[in-house]
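# Chain and residue survey
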Amino acid sequence: MGDELAPALGLDEASVRFENKASKVAYIWRQFSDCFECPLVFWAPILPAQTLPLKNSTNSDQIVAITARQPNPLYLTTNEELFCRQTYSLRDQSVHNITYCLSRELFPQLIVSLNRITENGGAFQCEHRIADEGRNNIWPLVVAVGVYVTFAAVFYVSRRLFRRYRERNAMTITTDPTPLSTDESKAADDKKRKRLKSLDCFRGITILMMIFVNMGAGGYEYLDHAHWDGFNFADVIFPWFIFIMGTTMAISLKSQVVRQKTPVWRLYYQICKRALTLFVIGLILNSNGNANWKTVRIPGVLQRFGITYLVVASAHVVSLRLH
């Protein structure tokens with residue numbers, strides 16, 4: 001039983017092959033090293049003279065340990081005697097071999113002795129060997145970002161050159177510079193100048209990242225949302241949307257209150273209508289086709305957007321009126 005039983009590895013996965021050279025069944029446990037005082041979680045049993053390949057995530061360092069008994073089917077909450085306990089930092093697509101046996105069964109090549117525990121007159125010895133170092137899976141992202149940046153630079157330079165070429169041709173064809181200075185073109189130019197291009201660019205990047213994360217983040221777990229603890233790249237998308245909403249809200253409300261002199265009641269009507277719309281759409285999306293009000297999930301992303309918009313926009317309108 002060897003490489004032919006190795007599991008097919010995906011992105012952010014490593015293979016850990018356990019080999020039991022002892023004469024009794026052992027039980028493998030694991031836990032994230034960042035989980036503070038968390039009990040070890042049962043992984044798999046391993047029979048005598050068995051080689052067991054298992055897949056493991058490479059996104060967090062993990063504690064792996066082996067016991068001679070399984071007092072609990074899920075968690076190791078008792079003071080059970082552990083051996084081969086070690087924290088592993090695995091690389092993507094790497095292959096690790098962990099072999100253990102009694103001290104009277106010598107290893108051919110003992111590279112690392114991780115732990116020893118005496119039991120029935122013998123001591124367990126553990127060996128950890130790295131069969132494959134794996135790969136650094138950050139390079140596909142680096143290449144992708146490089147391609148996109150290069151494409152954007154080429155597009156920007158090409159557009160600038162095309163505009164200059166068009167302006168030069170226009171100057172040679174006509175000697176009258178007045179056609180571009182009409183009232184309509186001035187109004188269009190003023191409208192364009194009012195756009196906050198940096199905010200538009202930031203909004204586009206945020207929407208692009210949201211779509212990327214919702215489509216699986218390319219298989220990279222550290223680009224997806226953190227499952228239970230930590231802070232991954234996808235966790236900044238929601239605060240980015242909140243920031244964008246607050247910035248655009250301040251610009252829009254100031255224009256309506258100060259310049260357009262919009263009545264306060266109409267502003268509050270629009271604010272409440274938008275907040276309620278966001279909240280209802282969020283409830284519909286969270287129901288996922290289930291109309292049972294007993295199981296529907298009230299909190300959600302759009303619901304939080306609606307509540308935040310209602311509170312902040314109302315406070316901002318009051319501050320503008322008082323100012």
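Refer to the preceding data block for the structure.
Everything numeric here is computed off the predicted structure, so don't read it as measured data.

### As for the pairing of strand β1 (residues 13-20)
- Counted residue by residue, β1 has 6 buried out of 8 residues, so it is predominantly covered.
- For β1 and strand β4 (residues 51-57), the ladder comprises 7 bridges, and the chain directions are antiparallel. In the sheet register, Ala14 faces β4, and the bridge partner there is Asn56.

### Section: a nonpolar patch on the surface
- Residues Ile307, Leu310, Val311 and Val312 make up a contiguous nonpolar surface patch of about 320 Å² in total accessible area.
- Counting through the fold element by element, Ile307 comes out in helix α6 (residues 301-322).
- Take Ile307: its relative accessible area is 47%, and that puts it in the partly exposed class.

### Considerations on the packing of aromatic side chains
- Throughout the structure, instances matching the rule amount to 8 aromatic pairs.
- Aromatic pair Tyr27 and Phe42: ring centres 6.4 Å apart, planes at 50°, arrangement tilted. Here the residue Tyr27 occupies a position in strand β2 (residues 26-32), and Phe42 occupies one in strand β3 (residues 40-46), the gap between them amounting to 15 residues.
- We classify Tyr27 as buried; its relative accessible area is 18%.
- Pairing Phe202 with Phe243 gives two aromatic rings, centres 6.0 Å apart and planes at 70°, and the pair type is edge-to-face.

How each quantity is defined
- Residues numbered from 1 in each chain as written.
- Predicted model: local features only at pLDDT ≥ 70, side-chain atom pairs only at ≥ 80, totals over all residues.
- Heavy atoms only, no water.
- Buried < 20%, exposed > 50% of the residue type's maximum accessible area, 1.4 Å probe, protein only.
- Helix = DSSP H or I, 4+ residues; strand = E, 2+ residues; numbered from the N terminus.
- Pairing = 2+ DSSP bridges.
- Patch = residues over 30% accessible without salt bridge, like charges linked within 9 Å, V, L, I, M, F, W, Y side chains within 5 Å.
- Areas by Shrake-Rupley, 256 points an atom, 1.4 Å probe, with all protein chains shown as cover.
- Salt bridge = Lys/Arg side-chain N within 4 Å of Asp/Glu carboxyl O.
- Phe/Tyr/Trp six-rings, centres within 6.5 Å; stacked < 30°, edge-to-face > 60°.

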